[in-house]
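# Understanding the architecture of this molecule
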Amino acid sequence: MIEPYLLRRGEHACLLIHGFVGDPGEMRSLAEHLAGAGYTVFGMRLPGHTGQPEDLMPVRWSDWLTAAKYAFDRLSTSYTTVSVIGFSLGGALAALLAAERPVHRLVMLATPYRLGGDWRVNVLGIARYVTPWFYLLAQADFTSPDLRASIWRRQPGLDLDDPAIQQMLRRSVKVSVAAADELRLALAAAGQVLPRVRTPALLMHGQSDTTADPASAAMIAARIGSARCELVYWPATGHQLLLEGPYREAIFRRIERFLGRPAATERRSVAMGRV
């Protein structure tokens, strides 16, 4: 489990917010790229994301947002400009933050518009009081590049082609149903505030994302109140677009270029692009 990090560089600071059951490490490569370009970068850790599933059980989505606000406010006391970059759940929290704070630039990466899944998603609010655990890898496809990259980041060299290893992971990797419901609530809250977000925004999503529906980015772009909203889809790219895929470095450069543009007031437009 990678600890939070602060890479001090220039006066433009970037707050990085990781995804659900993730940690600051999943955005570390992007942080180092931005630091190399002269940005100060803080990779925060959301409450309950310690690597121990039990630690997420008592956490509410408002706790995640409170932590993001605190991190933003601390950066704002030391740096003249603060932008926010969120991955997956972190993107939803970044939007919630931008609705209440003077965020300079907003970047939402692989952010779901709503929690996907079957009918069980609709009963999470009840199930959390009945069933304690959801086993994340019970039906996992261990040939998925996204999944392999995510697991190898935590456990390098683990033989994911070994049936015994696969069975162990299916039985042991779990998240509390209550935490999954808080994820659902956080995404719903973000969807409600999107029209209030005025910050210039960059939305990027992988076309091959099987975790967050790629259509989510277009749905967010349609609702967000930003005068400038740039929407970019990346081919042959899954959910973990910062960890693996043929366009990873291009994604880093695209974010850097967006952050460097001067603020301007302009007519509402949504610039859509595919690479």
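Residues numbered from 1 in each chain as written. Predicted model: local features only at pLDDT ≥ 70, side-chain atom pairs only at ≥ 80, totals over all residues. Heavy atoms only, no water.

## Some thoughts on the confidence of the model for the protein
In this model, the protein carries a mean pLDDT of 91, and residues with pLDDT of at least 70 account for 93%. Within the model, the stretch residues 261-269 combines pLDDT values under 50 with 21 contacts to residues more than four positions away or in other chains. (pLDDT = per-residue confidence, 0-100. Contact = heavy atoms within 4.5 Å.)

## Considering the packing of aromatic side chains
For the coordinates displayed, the defined rule picks out 2 aromatic pairs. A ring pair is formed by Phe20 and Trp64, whose centres lie 6.1 Å apart and whose planes are at 65°; its orientation type is edge-to-face. Linking Phe20 in the loop between strand S2 (12-17) and helix H1 (28-36) with Trp64 in helix H2 (residues 61-78), this pair joins segments that are 44 residues apart in sequence. Pair check on accessibility: Phe20 and Trp64 agree, each one buried. Taking the centre distance of 5.7 Å and the plane angle of 45° together, the rings of Trp234 and Tyr247 count as tilted. A residue pair is termed long-range when its members are at least 10 positions apart, and Trp234 in strand S9 (residues 228-234) and Tyr247 in the loop between S9 and helix H9 (248-259) qualify at 13 residues. When its relative accessible area of 26% is taken as the criterion, Tyr247 is described as partly exposed. Arg105 extends its terminal NZ or CZ atom over the ring of Phe258, reaching a point 5.8 Å from the ring centre. Above the plane of the ring of Trp133 lies Lys174, whose end atom (NZ or CZ) is 4.1 Å from the centre. (Phe/Tyr/Trp six-rings, centres within 6.5 Å; stacked < 30°, edge-to-face > 60°. Helix = DSSP H or I, 4+ residues; strand = E, 2+ residues; numbered from the N terminus. Buried < 20%, exposed > 50% of the residue type's maximum accessible area, 1.4 Å probe, protein only. Lys NZ or Arg CZ within 6 Å of the ring centre and 35° of its normal.)

## Brief notes about the packing of H2 against helix H3 (residues 89-98)
Interaxial distance between H2 and H3 falls to 10 Å at its minimum, and their mutual angle equals 65°. In this structure, H2 crosses over H3, and the sense of that crossing is right-handed. Counting all contacts with H2, which are made through Trp61, Trp64, Leu65, Ala68, Lys69 and Phe72, the residues of H3 involved are Leu89, Leu93, Leu96 and Leu97. Among the residues forming the contact of H2 with H3, the class breakdown is 9 nonpolar, no polar and 1 charged. (Axes fitted to C-alpha atoms, helices over the stretch in contact; angles between N-to-C directions. Left-handed = near helix turned anticlockwise from the far one by under 90°. Nonpolar A, V, L, I, M, F, W, Y, C, P; charged D, E, K, R; others polar.)

## Focus: the pattern of salt bridges
Applying the stated criterion across every chain, the model contains 13 salt bridges. Its salt-bridge partner being Arg153, residue Asp23 comes within 2.9 Å of it at the nearest N-O pair. Placement of Asp23 in the loop between S2 and H1 and of Arg153 in helix H5 (residues 145-154) is noted, with a sequence separation of 130 residues between them. Relative accessible area serves as the criterion here: at 2%, Asp23 is assigned to the buried category. On the accessibility criterion, Arg153 (22% relative accessible area) is partly exposed. Where Arg128 meets Asp181, a salt bridge forms, and the shortest distance between an N and an O atom there is 2.8 Å. Of this pair, Arg128 sits in the loop between helix H4 (124-127) and strand S6 (133-135) while Asp181 sits in helix H7 (residues 177-193); the two residues are 53 residues apart in sequence, bridging distant segments of the chain. Of the two residues, Arg128 and Asp181, neither departs from the other in class, the shared state being buried. Members of the salt-bridge network, linked through shared partners, are Arg60, Arg128, Asp181, Glu182 and Arg184. (Salt bridge = Lys/Arg side-chain N within 4 Å of Asp/Glu carboxyl O.)

## Things to note about the environment of Leu106
Looking at where Leu106 falls in the secondary structure, it is placed in strand S5 (residues 106-109). What makes Leu106 buried here is its relative accessible area of 0%. When neighbours within four sequence positions are excluded, Leu106 is seen to be in contact with Val84, Ala94, Ala95, Ala98, Val197, Thr199, Pro200, Ala201, Leu202, Ile224 and Phe258.

## Some thoughts on the environment of Thr40
Here Thr40 lies in strand S3 (residues 40-43). The class of Thr40 is buried, set by a relative accessible area of 0%. Sequence separation of Thr40 and His12 is 28 residues, and the distance between their C-alpha atoms is 6.2 Å. With sequence-adjacent residues up to four places away left out, Thr40 is seen in contact with Leu6, Leu7, Arg8, Arg9, Gly10, His12, Ala13, Cys14 and Tyr79. Engagement of the side chain of Thr40 in a polar contact is seen with the backbone oxygen of Gly10, the distance being 2.8 Å. (Polar contact = N/O pair within 3.5 Å; in protein donor to acceptor, adjacent residues only side chain to side chain.)

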